[in-house]
Amino acid sequence: MAQQTVDAPAYDASSIQILEGLSAVRKRPGMYIGSTDARGLHHLVWEAVDNSIDEVLAGACTEIHVTLFADGSVGVRDNGRGIPVDLHPKYHRPALEIVMTVLHAGSKFDRATYKVSGGLHGVGIHVVNALSEWLEIRVRRDGHEYYQRYERGAPVGPVTTVGPSDTTGTDTRFKPDATVLETTTFDRETIARRLKELSFLNPGVTIHLADERDGAPVTFHHAGGITEFVEDMNSASNTLFKPPIFVHAKRDTTDIELALQYNDGYNETMLAFVNNINTVDGGTHVVGFRAALTRTLNDYARQRGFLKADKEGLTGEDVREGLTAVLSVKVLEPQFEGQTKAKLGNSEVKGQVESAVNEKLAEFLEEHPAVGQSLITKAVEAALAREAARKARELTRRKSLLEGGGLPGKLADCHSRDPAECELFIVEGDSAGGTAKQGRDREFQAILPLRGKILNVEKARLDKMLQNEHIRALIQAIGVGIGDELDASRLRYHKIILMTDADVDGSHIRTLLLTLFYRKMPVLIREGRVFIAQAPLYRVAKGSRAAYAFSDAERDQLVAEYGGSKGVTIQRYKGLGEMNAEQLAETTMRPGARTLLKVTVEDALHANELFEVLMGEEVEPRRLYIQEHAVEVTNLDI
Ligand code: 0RA
């Protein structure tokens, strides 16, 4: 069959409008995709995938294929209805071309469902097009397959029919433009995480991810929806009841879905979505949910006699201890607020979610008294512990005053009082602590030695934590406080450096400290204040020459450089304590000579998984996790 052109004038006034729209996007990409870094780059993929998800929401699509191609392009293919190609009445051009170049909302070709607006999402596929070196689109519809190619957003030819087709769908493939984006390398893990999330939120769809660059293809399909999402989040925890509670309700035009379950830990893990967008900064839907949870559980506890009528009620914190929840709402005209547009602003949604959750959760507890009892028992315990923690905190406060200046006795502080240049080394063991004290630059380097095991904060409540001598010393030295009383401006050191032995005990202590920071002083990790020191594993010497090796490979390389193993002595450091002060300083502590690894938290969900798996009760997930992942750190030379 010969190629056919879909009828359209070659060039007219609408072409000019198209070119003007394109240049606006290319001039200020940040306005449309938030930024031009990796985040902005991935935004292009979200935009393309969201378009296919809109077809899923319309009940018209069941399969989405995402492919990362070896040439740096990405493809998103769906089996939806296909973008219309008939001539647009106003622009006199195929609708497809209009969708790809200018139009995004409020037209005949706009799909009416819960769509995303007001935020960075839903800006329109034409933005992806404008920021792509090239984009090729194939639409299967009305018995034909149509094709068009664009370069930097402008069509390089008309829409043509390239053959017959007995299916429908859209296939978009684009290569991000390196001249407007700082980075163009897609990260498979980032994309896989989002696709997995979407497959939980839209149980009717199956999403395939293929990476031609390397790695095996994966498929995401979760018929159980957000209930399965909560089960997945809790897979490494002991849950108080099974399956999760599931609530589905409609209030006015707002659709509300909630799945929740409790585990025997002390943390809250909640994910909230609006029209499939992860609202990491919460908003009115989350406020409504929290109010309803607190109210319903208090009413229930009073009615069933778990709480005396005259007693103070359970607080929001009490009822959220050990909570794992996913809230997914669909709102007709969402307003997203805040710097990252990740907070829902619509005020009516608070009442809608609150009313729905009040009603449905009360109903559920009525029908499942055993679940009700387990969850109330947990919240009442939390309330008692909260009271004990308050007393313990008061005690610490008074005590730290008595001790003078509030600094722990074990801390060898530095002279400088400028936090920006100060560093705190947290050192495992008194003996290594002594060596570090001798080797440090006392002007800006402080040393806090910790002896023996520190407490596992994943398994302890605040009151017990504060009774622990090491934890009190850490809190006092760092200065920002903890939990509710956290004040980041009181940070005493801009670098907090963990210096532990390269053995099992050392890595255990390191994980415990990271858990403490992540759970109780998360701002330190978010702001990139926490580092891991890299101590050498070997000293390789021959005659008057000597050098340090930080891995087995480096050791072997040094031996080779020294002309083979003859006459070479290799000293293996089993702990920091085996180095003298000068060696420790010159290999591990001195800026310029040392290597520090900065601790990053990729995202809360990911980190949560790590800490829960590593620190939780269940052994098997921990073993599997350690096999699969290395420590969550990225390399940084300082
Ligand atoms: C406009 C109208 C209709 C569908 C679409 C756009 C559409 C867009 C994309 C983008 C990626 N995949 C897509 N699939 C569909 C409705 C068409 C109709 O009513 O038949």
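Residues numbered from 1 in each chain as written. Predicted model: local features only at pLDDT ≥ 70, side-chain atom pairs only at ≥ 80, totals over all residues. Heavy atoms only, no water.

A. Geometry of the sheet that holds strand 15 (residues 323–330). Reading across the sheet, the 5 strands line up as 11-12-15-13-14 and stay open at both edges, with mixed pairing between neighbours. Across the chains shown, the open sheet's two edge strands, defined by having one partner strand only, are strand 11 (245–251) and strand 14 (277–278). Bridge analysis of strand 13 (residues 269–274) against strand 15 gives 6 bridges, and the strand direction is parallel. In the sheet register, M270 faces strand 15, and the bridge partner there is A325. Packing of helix 7 (residues 225–233) onto the sheet brings it into contact with strand 11, strand 12 (254–262), strand 13 and strand 15, and relative to strand 15 it is tilted by some 150°. (Pairing = 2+ DSSP bridges. Helix = DSSP H or I, 4+ residues; strand = E, 2+ residues; numbered from the N terminus. Contact = heavy atoms within 4.5 Å. Axes fitted to C-alpha atoms, helices over the stretch in contact; angles between N-to-C directions.)

B. Fine view of empty space enclosed by the protein. The final tally for this structure, using the stated rule, is 1 cavity of 30 Å³ or more. Here the largest cavity defines a volume of roughly 60 Å³. Surrounding the largest cavity, D501, A502, A535, P536, L537, Y573, K574, G575, L576 and M579 form its lining. Classifying every residue of the lining of the largest cavity by side-chain character gives 7 nonpolar, 1 polar and 2 charged. (1 Å grid on protein atoms, 1.4 Å probe; cavity = no way out; pocket = protein on both sides within 12 Å on 5 of 7 lines; lining within 4 Å. Points joined across faces, edges and corners; volume = space filled by probe spheres on them. Nonpolar A, V, L, I, M, F, W, Y, C, P; charged D, E, K, R; others polar.)

C. A look at the sheet that holds strand 22 (residues 538–542). Judged by pairing direction, the sheet is antiparallel, and its 3 strands sit side by side in the order 23-22-24 without closing on themselves. Every interior strand has two partners, whereas the edge strands, strand 23 (545–549) and strand 24 (569–572), have only one. This sheet shows a mean twist of 20° between the axes of neighbouring strands, independent of strand direction. Both strand 22 and strand 24 contribute to a ladder of 4 bridges, which runs antiparallel. Directly across from A541, in strand 24, lies its bridge partner T569. Most of the contacts of helix 17 (residues 552–561) go to strand 23, to which it runs at about 160°, and overall it touches strand 22, strand 23 and strand 24.

D. Looking closely at the pattern of salt bridges. Here the structure, examined in full by the defined rule, presents 32 salt bridges. Between D232 and K196 there is a salt bridge, and its shortest N-O distance comes to 3.3 Å. Note that D232 is positioned in helix 7 and K196 in helix 6 (residues 188–201), a separation of 36 residues in sequence. For D232, a relative accessible area of 34% corresponds to the partly exposed category. Each of R188, D211, R213 and D214 takes part in one network of salt bridges that share partners. (Salt bridge = Lys/Arg side-chain N within 4 Å of Asp/Glu carboxyl O. Buried < 20%, exposed > 50% of the residue type's maximum accessible area, 1.4 Å probe, protein only.)

E. Geometry of the environment of Q4. Assignment of secondary structure puts Q4 in strand 1 (residues 4–5). With 155 residues separating them in the primary sequence, Q4 and V159 have C-alpha atoms 8.4 Å apart. Apart from the residues lying within four places of it in its own chain, the contact partners of Q4 are V159, T160 and T161.

F. Examining the packing of helix 6 against helix 7 more closely. In the contact formed by helix 6 and helix 7, the axes pass within 6 Å of each other and the chain directions differ by 130°. It follows that helix 6 is oblique to helix 7 by the angle criterion. For the pair helix 6 and helix 7, contact is made by K196, E197, F200 and L201 and by G225, I226, E228, F229 and D232, respectively. Each residue belonging to the contact of helix 6 with helix 7 can be placed in one class, and the counts come to 4 nonpolar, 1 polar and 4 charged. (Parallel < 35°, antiparallel > 145°, perpendicular 65-115°, else oblique.)

G. Examining helix 18 (residues 581–589) more closely. The buried fraction of helix 18 amounts to 7 of the 9 residues, a majority that puts the element mostly inside the structure. Burial in helix 18 covers these residues: A581, Q583, L584, A585, T587, T588 and M589. Two to three positions downstream of the cap, the backbone nitrogen of E582 sits 3.1 Å from a side-chain oxygen, assigning the N-cap of helix 18 to N580. (Polar contact = N/O pair within 3.5 Å; in protein donor to acceptor, adjacent residues only side chain to side chain.)

H. Main features of the packing of aromatic side chains. Going through the model one piece at a time under the given rule, you end up with 3 aromatic pairs. On the basis of an interplanar angle of 10° and a centroid distance of 4.4 Å, the ring pair of F200 and F229 is categorised as stacked. Of this pair, F200 sits in helix 6 while F229 sits in helix 7, and the two are 29 residues apart along the sequence. An identical accessibility class is assigned to F200 and F229; each is buried. Geometrically, the ring pair formed by Y548 and Y573 is stacked, given 6.5 Å between the ring centres and 25° between the ring planes. (Phe/Tyr/Trp six-rings, centres within 6.5 Å; stacked < 30°, edge-to-face > 60°.)

I. Representation of the side chain of S199 in the model. Relative to the helices and strands, S199 is located in helix 6. S199 sits in the buried class, given a relative accessible area of 0%. A distance of 2.7 Å separates a polar atom in the side chain of S199 from the backbone oxygen of K196. What S199 contacts, discounting residues up to four positions off in sequence, is I207, F220, H221 and H222.

J. The packing of helix 12 (residues 430–439) against helix 18, seen in detail. Axis separation between helix 12 and helix 18 bottoms out at 8 Å; the angle between their running directions is 80°. In terms of their interaxial angle, helix 12 and helix 18 are classed as roughly perpendicular. Counting all contacts with helix 12, which are made through T435, A436, Q438 and G439, the residues of helix 18 involved are A581, L584, A585 and M589. Split into classes, the residues belonging to the contact of helix 12 with helix 18 amount to 5 nonpolar, 3 polar and no charged.

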